[in-house]
Structures are given as C-alpha cells and as structure tokens.
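Residue-level listing of the chains:
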Amino acid sequence: MSVMVARKKVVRKWEKLPGRNTFCCDGRIMMARQKGIFYLTLFLILGTCALFFAFECRYLAVQLSPAIPVFAAVLFLFAMATLLRTSFSDPGVIPRALPDEAAFIEMEIEATNGTVPQGQRPPPRIKNFQINNQIVKLKYCYTCKIFRPPRASHCSICDNCVERFDHHCPWVGNCVGKRNYRYFYLFILSLSLLTIYIFTFNIVYVALKSLKIGFLNTLKETPGTYPSTVQRACLLRSCSWSLTLLTVLEVLICFFTLWSVVGLTGFHTFLVALNQTTNEDIKGSWTGKNRVQNPYSHGNVVKNCCEVLCGPLPPSVLDRRGILQQEESTAQEESCPRGPSAQEPTAAQGPGGQTEESSAQQKDGSLPHLTAVPVPSLSNTEMPEEKQLTSGELPVPSQDAGQAEH
C-alpha cells in the first residue's frame, strides 16, 4: 500500500533573492559577483605589509623603537577589519515589490495619471516628498517596481536599489550605501595612514642603512639581516638584483597608493562634512541649476560627521537567512497489519484444541511448559445477539471483532 508523505525542505531567502549578488556562509556574507579587483586589493595590502614586517620592521625595531611594528600591526588589522566589514555586509538593499504590491502600485499610478492616448509618451512616474521645507522627488524604479526612498538609487552592476546609495566600489567588491558607508570611510582613512606610515619608514630604513654602508650597498643587501663579510660578498652577486626589485616594488606600491587613497580620503571627508553622497555630487543634485540647498545637511560640520559616522545603524531589511518552506511529496510503501482471520497459524492444532507439539510432549510423558487455562464454555442461550452454533460448526470471528483488534 503506497502512502504519500509530505516532507518540508528548508530554503533560505537569500537563495531566492533577485539581483546580481553572491552569498557565502549560508547568506551571512553578501558581495557583488565581480570580485576580481577585490582580490587584487587584498593582494596589494597583504603583500606590501608582509614585506614591511619581514624586512624593514625587524631592523627599525632594533635601531629605533619596538613600538614601530606594534603601531603598524594595529593599523594593518584595523584596515583589514573595516575592508572585510565593507565587502561582506549588506549595503542597504531595498527588497523588490511583491506581485500584489506591484499590481497595486500600477493601479495607483493609472488612477493618478489617467489613460494615456496611444502614441503619446506617458508622464514620468514621480512623487513629490517634502524634507525640511525642500521638495524631494521620489522616482519609480521599473526593475524593482517601487518608488525609491530619498537618496536611494539603482545600482546597474548589482541590479538592486540601495538606500542612500553612494557608489559601487570594485576595490571592495560591493556597493557602498547606508549600512556600510562608515566602514568604507574608516577603511580608506586607515589605509591612508598605513600607506603613509610604511612609505615614511621605508625612507627612514634606507637613510639609516645608507649612513652605515652606503646607498648602493643598502639596495643590494638583504633587507632586515646582518650578514658577515663573506656572506655579503656572496649575496651581492646572487641576490642583489632580486632584492633591489623587491625594495623598489614596495616603494612604488606605497607611492602610487599614497596619492590615490589619500586623495580619495580627502574627497570623502569633504562629502561627510556636507552630509552628501558621491552620487549626489556627480549629478549635482544640490549645486545644479536650481541651486537647491541640501535638505539633509545640518549646517554644522560636527553634526554632519556625527550623523554619518556615529549615527544608529539600521538593520538589514532583506532577512537573508529567513526560512522559506517548500513541501515535497514522496511516495512510500507501508505494510498494514492483517486481521486475525488473515493470520496464518503458527502451529497445527489437533483435536480438542491442542497443538501437535503439546500432544507429542504428552506421549513422551513430559509435562508441557505452559498449562492450559480452562475457559468456561458459553451456552447458546448466553449469546443472544450472535448466530447460535450447532455442534459441528466452528466459530468464525466477525468483521467488527477484526477491526477492533486493529
């Protein structure tokens, strides 16, 4: 007998989310699909710091102060923590409208705009919203089927609407929005300090070594070691060019990173002081033809910085690890127990209700293990509801009795 059994398969919400994002660790990590430049960022930071800690820090800790590698390690750990926090978090993605919500919004728009004649362009789907006595336009997103909140924008790379959208940064492999902008700012700030720190002490290292053995010998010597005269002569021929390239590579990485990252940090410091985003600055939302003042600015640099960097962090509205239950039906065969009428006898019964085994034991003279309990016989008059039995008939169990035993 086959029985249909319904099993529930646990499916997380992040598995069904639209958009071009990748998820790891059961939805705890959220990134963009294009992660190649993010891996390059990790390689440059880890490689430069590894060379600095392996070579220059060892010499500077002995010659100057042991606090130099300690402070460098603090900056390195802080920069890596803020980078991973920016890259692996939800930037503030706004969920798309459900089919019922999208249909209701479409009906609302049609009721507001009326029927558009054929061949004419429909009016733009815009709602006016007032913030601090300033009119802000809420634009309709045709992909997400929603009216975007103020300062939100649709990212074409991740294919999501992001709240307080700043920009999509390929160096961190994620969008920068309301929920991770402060970590992005702290990352570029700490990376700027780390780059300046490493670049400065690279110059100090070369200057100290040049005072002792000369500038050319410093470039040819193994960084961070103290070879003897014989070892130095051998190393000058075998490792001079390769070690010189490592030193030059480290200085070049710090030099180019210094200008780009420090300049980016200065630009975002300017935006934080005005409580403005990169998207608004590029579009000229508050400095265009209308000369509309920024309704989100408090008119004070300290208040703007506190709101952007120290304000409450809103929770994610995606609920990535929420559970969606889907039922799957599978067929299983189950055997039902049979009634007493269908059961096969385990041993053949002889006359008088005794089994062949008990009769054999009686012939041998041995006593059976179990003694039969005499059951009083019922007369025909004691069974008024059932059919009376003749002397030659055997009782047959009724169907109700079999069902009761089930």
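Residues numbered from 1 in each chain as written. Predicted model: local features only at pLDDT ≥ 70, side-chain atom pairs only at ≥ 80, totals over all residues. Heavy atoms only, no water.

I'd like to hear about the overall build of the protein, residue by residue, with values.
Along the backbone of the protein there are 11 helices and 12 strands. Split into buried and exposed, the 406 residues of the protein put 33% on the buried side. Contacts in the protein between residues far apart in sequence, at least 24 positions, make up 64% of those at least 6 positions apart. (Helix = DSSP H or I, 4+ residues; strand = E, 2+ residues; numbered from the N terminus. Buried < 20%, exposed > 50% of the residue type's maximum accessible area, 1.4 Å probe, protein only. Contact = heavy atoms within 4.5 Å.)

With reference to specific residues and values, describe the UniProt feature "transmembrane region" (unreviewed entry) in the protein.
UniProt annotation of "transmembrane region" (unreviewed entry) refers to residues 37-55, 67-84, 183-208 and 245-274 when read in the numbering used here. Helix makes up 100% of residues 37-55 and strand 0%, with an end-to-end C-alpha separation of 27 Å. What you have in residues 67-84 is 100% helix and 0% strand, and the ends, taken at the C-alpha atoms, are 26 Å apart. (UniProt positions renumbered as here; feature names shortened; annotations may be inferred.)

Just give me the short version of the pairing of strand β2 (residues 21-24), but keep the residues and values in it.
Put simply, side chains in a regular strand alternate between the two faces of the sheet. Of the two faces of β2, the one lined by Asn 21 and Phe 23 is fully buried and the one lined by Thr 22 and Cys 24 carries no buried residue. The sheet contact formed by β2 and strand β3 (residues 29-32) spans four bridges and is antiparallel. Across the sheet, the residue bridging to Cys 24 is Ile 29, located in β3. Joining the antiparallel neighbours β2 and β3 is a turn of four residues, in which Cys 25 adopts a positive phi near 55°. (Pairing = 2+ DSSP bridges.)

A description of a nonpolar patch on the surface should follow, citing residues and the corresponding values.
Together, Ile 37, Leu 40, Phe 43, Leu 44 and Trp 171 give the surface a local cluster of nonpolar side chains, amounting to about 480 Å² of exposed area. The residue Leu 44 is located in helix α1 (residues 36-63) in this model. The exposure class assigned to Leu 44 is partly exposed, which follows from its relative accessible area of 32%. (Patch = residues over 30% accessible without salt bridge, like charges linked within 9 Å, V, L, I, M, F, W, Y side chains within 5 Å. Areas by Shrake-Rupley, 256 points an atom, 1.4 Å probe, with all protein chains shown as cover. Salt bridge = Lys/Arg side-chain N within 4 Å of Asp/Glu carboxyl O.)

Account for the packing of aromatic side chains, with residues named and values stated.
A complete count under the given rule lists 14 aromatic pairs for this structure. A centroid spacing of 6.5 Å and a plane angle of 40° characterise the contact between Tyr 181 and Phe 184, whose relative ring orientation is tilted. Here Phe 184 and Tyr 181 lie together in helix α4 (residues 181-213), a separation of three residues that amounts to about one turn. Ring plane angle 50° and centroid distance 4.7 Å describe the contact between Tyr 197 and Phe 201, whose orientation is recorded as tilted. Note that Tyr 197 and Phe 201 are positioned in helix α4 at a spacing of four residues, about one turn of the helix. Judged by relative accessible area, which is 17%, Phe 201 ranks as buried. An aromatic cluster is present here, built from Phe 199, Phe 255, Phe 256 and Trp 259 joined pairwise through their rings. In this structure, Arg 151 is placed above the aromatic ring of Tyr 296, and the distance from its NZ or CZ to the ring centre is 4.1 Å. Across from the ring centre of Tyr 181, 5.5 Å away, lies the NZ or CZ of Arg 164, which sits over that ring. (Phe/Tyr/Trp six-rings, centres within 6.5 Å; stacked < 30°, edge-to-face > 60°. Lys NZ or Arg CZ within 6 Å of the ring centre and 35° of its normal.)

Pulling in residues and values, what's your account of the sheet that holds strand β4 (residues 93-94)?
A sheet is described by the order of its strands in space; here three strands give the open sequence β4-β9-β8, paired in antiparallel fashion. At either end of the open sheet lies a strand with only one pairing partner, and these are β4 and β8 (153-155).

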